[in-house]
Amino acid sequence: MGFDTKNVASIRSLLPAVEASIFMNTGGSGPLPVSTIEAIQEQQTFELVNGRMGKKAMQQRKLILEETRIEIAKLINAHTDEITITHSTTQGINIVLWGISWKQGDEVITSDVEHPAVLLPLYVLKERQGIIIKTAELRQDPVNAVVSLINDKTRLIAISHVSYSTGEVIPIKEITQLAHRFDVSVLIDGAQSAGAIPIDVKELGIDYYSIPGQKWLCGPQGTGALFIKHELLEEIKPSFVGYGSVEEFDFNGTYRFHRDMSRFEAALPYLPAIAGLKSSIKWLLEGIGVNWIYERTQSLGENLRKELLKIQGITVVTPAKAAGLTSFRIEGIEQDFAVDMLSKQGVSIRLIKELNCVRASIAFFNTEQEVEILIDKCRQLLQNK
Ligand SMILES: Cc1ncc(COP(=O)(O)O)c(C=O)c1O
């Protein structure tokens, strides 16, 4: 499906928040489509009218969860029974990291461009379970940087598909292929990739993939999903369990987990949010078309990067193989000052403190004109410093 400038305008009319500022923070939380709010409200009204207990409510719950899994599975080319619905990327990552039966001295390879969502659980596992964390420096040759750290103690590689700090697309297919030769599994933090670049978990050969609802998928906050490859389900022991996790149990301590991924859904979720997530993904897949979204996200981001590279006084942090996020430093001024000044002028971007730079998220609904405005405003900041 092809979209022209006029269609971008019509898409934007369905995303009211993009008119409140020049919205370049989708890597934080994307704008909500009107149709998603309607889906949330529809489920809220259902609950208001019918209550939340009883046969009808139970059927509705089953339906929403199943239909949402179907949409997520379509988005990443998984089977629906390889998907569990979560509250966040962080939760999905924790399900995997706390579900592995670690032995003291087991090694995990991660990278130097990871989000705390990956790092913090690893730090705690190091403290409590005695795992060893190895950090690959991705700057030069990411595949070699990761794979060269593998040894006979390595159990897992835990890395992003797209780095939250640099926007770099990490070659996870190559990394996974090599990791599997050594019997090492791969957990992907998909927070900045889901909805920004194509994800085909089968083609990539991925073992575990965790995504958020609220970022590039333009879904509600408090939603996400985790993919676990079929063959690996039994490798991940549920850490949080409850009545939702089991097919049956008795009061003598016998229980049987659900055969599928619903074993990780220990208790009741907030269904209106999940209905909203389903609606957002459906809108992207069917209402707009993800191929167009991926192409547009790529080309707008690449144009921004190319233009920034031409400006003396701006250091571009983002490498050529990037998606969605463009990180750069406006030299000679404090980066948080730059974020504040741009915000006062109606341009919404964020600071990446550890790299002393700013990050603009450019999504499918952003316009060429907005990208030009950002560039002009950065030029002005340089002139007025
Ligand atoms: C790479 C990365 N991982 C994880 C997260 C955390 O996402 P969530 O809030 O869905 O847990 C973020 C975003 O904040 C991120 O950019």
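Above: the structure in question.
Below, the structure is looked at part by part. As the structure is a computational prediction, the values presented were derived from the model and not from experiment.

## A look at the overall build of the protein chain
So, point 1. Broken down by element type, the protein chain carries twelve helices and 15 strands.
So, point 2. For 385 residues, the compact-globule estimate of 2.2 N^0.38 gives 21 Å, and the C-alpha radius of gyration of the protein chain, at 22 Å, lies within 12% of that figure.
So, point 3. With respect to the three principal axes, the spread of C-alpha positions in the protein chain is 75 × 55 × 35 Å.
So, point 4. Of all 385 residues assigned to the protein chain, the portion counted as buried reaches 55%.
So, point 5. Taking all contacts inside the protein chain whose residues are at least 6 apart in sequence as the whole, residues at least 24 apart take part in 70%.
So, point 6. When the accessible surface of the protein chain is totalled, it reaches about 17,900 Å², and 52% of it is carbon and sulfur.
So, point 7. Counting 40 positive and 46 negative side-chain charges, the protein chain places the averaged centre of each group 2 Å from the other.

## Some remarks on the pattern of salt bridges
So, point 1. Inspection of the entire model under this criterion finds 24 salt bridges.
So, point 2. Here Lys282 ties to Glu286 by a salt bridge, and the two come within 3.5 Å at their closest N and O atoms. Here Glu286 and Lys282 lie together in helix H9 (residues 271-288), a separation of four residues that amounts to about one turn.

## Details of the nonpolar core
So, point 1. With 64 residues, the main nonpolar core has Ile157, Tyr209 and Phe364 as its most contacted residues.
So, point 2. Contact partners of Ile157, with chain neighbours within four places excluded, come to Ile109, Val146, Ile150, Ile175, Ala179, Val184, Ser185, Val186 and Leu187.
So, point 3. Within the second largest apolar cluster, 25 residues are counted, among which are Leu300, Ile314, Leu342 and Leu381.

## A closer look at the site of the ligand
So, point 1. The environment of the ligand is formed by Ser88, Thr89, Thr90, His115, Ala117, Tyr164, Asp189, Ala191, Gln192, Pro212, Gln214 and Lys215.
So, point 2. Here an oxygen atom of the ligand sits 2.4 Å away from a polar atom, N or O, in the side chain of Thr90.
So, point 3. Asp189 is positioned with one of its side-chain polar atoms (N or O) 2.6 Å from a nitrogen atom of the ligand.
So, point 4. For the ligand, whose accessible area on its own is 390 Å², the fraction buried by protein is 86%.

## Examining the pairing of strand E12 (residues 325-330)
So, point 1. For E12, the buried fraction is high: six of the six residues fall into the buried class.
So, point 2. Here E12 shows no split at all, with Leu325, Ser327 and Arg329 on one side and Thr326, Phe328 and Ile330 on the other all buried.
So, point 3. Pairing of strand E11 (residues 314-316) with E12 involves three bridges; the strand directions are antiparallel. The residue bridging Ile314 from the neighbouring strand is Ile330, located in E12.
So, point 4. Relative to strand E15 (residues 357-361), E12 is paired through four bridges, and the arrangement is antiparallel. The partner of Phe328 across the bridge, within E15, is Val358.

What counts as what
- Residues numbered from 1 in each chain as written.
- Predicted model: local features only at pLDDT ≥ 70, side-chain atom pairs only at ≥ 80, totals over all residues.
- Heavy atoms only, no water.
- Helix = DSSP H or I, 4+ residues; strand = E, 2+ residues; numbered from the N terminus.
- Rg over C-alpha atoms; globule rule 2.2 N^0.38 Å.
- Buried < 20%, exposed > 50% of the residue type's maximum accessible area, 1.4 Å probe, protein only.
- Contact = heavy atoms within 4.5 Å.
- Areas by Shrake-Rupley, 256 points an atom, 1.4 Å probe, with all protein chains shown as cover.
- Lys, Arg positive; Asp, Glu negative; His and termini not counted.
- Charge placed at Lys NZ, Arg CZ, Asp CG, Glu CD.
- Salt bridge = Lys/Arg side-chain N within 4 Å of Asp/Glu carboxyl O.
- Core = buried A, V, L, I, M, F, W, Y, C linked by side-chain atoms within 4.5 Å.
- Near = heavy atom within 4 Å.
- Polar contact = N/O pair within 3.5 Å; in protein donor to acceptor, adjacent residues only side chain to side chain.
- Pairing = 2+ DSSP bridges.

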